[in-house]
Amino acid sequence: MLRAVSHLPASHDRGAPIDSITLAHDERRLRRKLLTCAESTEVMVDFPATVTLEHNGALELEDGRIIAILAAPELLYQIRASSPAHLVRLAWHIGNRHTSAQLEEARILIKRDHVLKTMLEGLGADITNVTEPFFAEHGAYHSHADAGHALLAR
């Protein structure tokens, strides 16, 4: 079994990976875990602290080879509003329910949840089902040193 010794940011220039692994948003935040890659390569991740693996980043193995990290497409709601102020109001209600969200200038993405959908529609949101990689904002207590801002990785 291979062992990862570090994680590399999306901007790494370490050459072609030997394999790749596609992980959902929640799976990309880890400290210790056995991962199985696309070509069945098994990699043990055992870092001293929790890290967030970036989309297009990599795991560096003991022998210097790398495994590419890809963000998995996820079932999400795309939330749009009638105005920027309305979008801010919707974001407040989403945050008030401690829901992970990807915040963008003209939309918000959240994981599908029928209760939240009903609430947001009641607040006038336009909601569409989408399937795409999810890059939720990190919480206020998240260490920003372990990975660059998620939006820069895309």
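For the structure, see preceding data.
Below is a short write-up of the structure. The structure presented is a predicted model; accordingly, all values stated were derived computationally and were not measured.

### Let's talk about the sheet that holds strand 8 (residues 102-103)
And then number 1: Within the open sheet, the four strands sit side by side as 8-9-7-10. Their pairing is antiparallel. At either end of the open sheet lies a strand with only one pairing partner, and these are strand 8 and strand 10 (126-133).
And then number 2: Where strand 7 (residues 73-80) meets strand 10, eight bridges bridge the pair, whose relative direction is antiparallel. Within strand 10, the residue paired with Leu-76 across the bridge is Val-130.
And then number 3: Along the sheet face, helix 1 (residues 84-96) touches strand 7, strand 8 and strand 9 (108-111) and points at about 25° away from the line of strand 9.

### A short note on the sheet that holds strand 2 (residues 19-23)
And then number 1: The strand order across the open sheet built from six strands is 2-6-5-1-4-3, with neighbouring strands paired in mixed fashion. In this open sheet, the two strands that pair with only one neighbour each are strand 2 and strand 3 (29-36). Looking at each pair of strands side by side, their axes are set apart by 30° on average, direction ignored.
And then number 2: Here strand 1 (residues 2-8) runs beside strand 5 (residues 58-61); their pairing, made up of four bridges, is antiparallel. Paired with Leu-8 across the two strands is Ala-58, which belongs to strand 5.

### Observations regarding the nonpolar core
And then number 1: Counting 15 residues, the largest nonpolar core has Ile-21, Val-43, Val-45, Leu-53, Leu-59 and Ile-67 as the members making the most contacts within it.
And then number 2: Elements represented by at least two residues in this core include exactly strand 2, strand 3, strand 4 (42-52), strand 5 and strand 6 (66-71).
And then number 3: Residue contributions to this core peak at four residues, all from strand 4.
And then number 4: Discounting residues that sit within four places of it in the chain, Ile-67 has contacts with Pro-17, Ile-18, Asp-19, Ser-20, Ile-21, Cys-37, Thr-41, Val-43, Gly-57, Ala-58, Leu-59 and Leu-61.
And then number 5: Tyr-77, Ala-101, Ile-110 and Leu-123 belong to the second largest nonpolar core, which has 14 residues in total.

### Looking at the pairing of strand 1
And then number 1: Taken together, the three bridges between strand 1 and strand 4 define a ladder with parallel strand orientation. Looking at strand 4, one finds that Leu-2 is bridged to Val-43.

### Some details on helix 1
The α-helix advances 3.6 residues per turn, and as a result positions three or four apart in sequence lie on the same side.
And then number 1: End to end, helix 1 covers 18 Å across 13 residues, agreeing with the expected 18 Å (1.5 Å per residue, within 8%).
And then number 2: Every buried residue of helix 1 is accounted for by His-86, Leu-87, Leu-90, His-93 and Ile-94. The buried residues of helix 1 occupy one face: seen down the axis, they fall within an arc of 120°. Opposite the buried face of helix 1, at more than 90 degrees from it, the exposed residues are Pro-84, Ala-85, Val-88 and Trp-92.
And then number 3: Where helix 1 is buried, its residues meet strand 7, strand 9 and helix 2 (114-122).
And then number 4: Looking one or two residues past helix 1, His-98 carries a phi angle of roughly 55°, positive in sign.

### Points about the environment of Leu-103
And then number 1: Relative to the elements of secondary structure, Leu-103 occurs in strand 8.
And then number 2: Expressed as a C-alpha distance, the spacing of Leu-103 and Ala-136, which sit 33 residues apart in the sequence, is 7.3 Å.

### Re the side chain of His-93
And then number 1: In this fold, His-93 is placed in helix 1.
And then number 2: When neighbours within four sequence positions are excluded, His-93 is seen to be in contact with Met-119 and Leu-123.

### Here we look at the pattern of salt bridges
And then number 1: Using the criterion set out here, one finds ten salt bridges in the structure.
And then number 2: With its nearest N and O atoms 3.5 Å apart, the salt bridge here joins Arg-31 to Asp-46. With Arg-31 in strand 3 and Asp-46 in strand 4, this residue pair connects regions lying 15 residues apart in the sequence.
And then number 3: For Arg-32, the salt bridge is made with Asp-46, and the minimal N-O distance between the two is 3.6 Å. Here Asp-46 lies in strand 4 and Arg-32 lies in strand 3, a separation of 14 residues in the sequence.

Quick notes on the rules
Residues numbered from 1 in each chain as written. Predicted model: local features only at pLDDT ≥ 70, side-chain atom pairs only at ≥ 80, totals over all residues. Heavy atoms only, no water. Pairing = 2+ DSSP bridges. Helix = DSSP H or I, 4+ residues; strand = E, 2+ residues; numbered from the N terminus. Contact = heavy atoms within 4.5 Å. Axes fitted to C-alpha atoms, helices over the stretch in contact; angles between N-to-C directions. Core = buried A, V, L, I, M, F, W, Y, C linked by side-chain atoms within 4.5 Å. Buried < 20%, exposed > 50% of the residue type's maximum accessible area, 1.4 Å probe, protein only. Expected span 1.5 Å × (residues − 1). Arc of directions from axis to C-beta. Salt bridge = Lys/Arg side-chain N within 4 Å of Asp/Glu carboxyl O.

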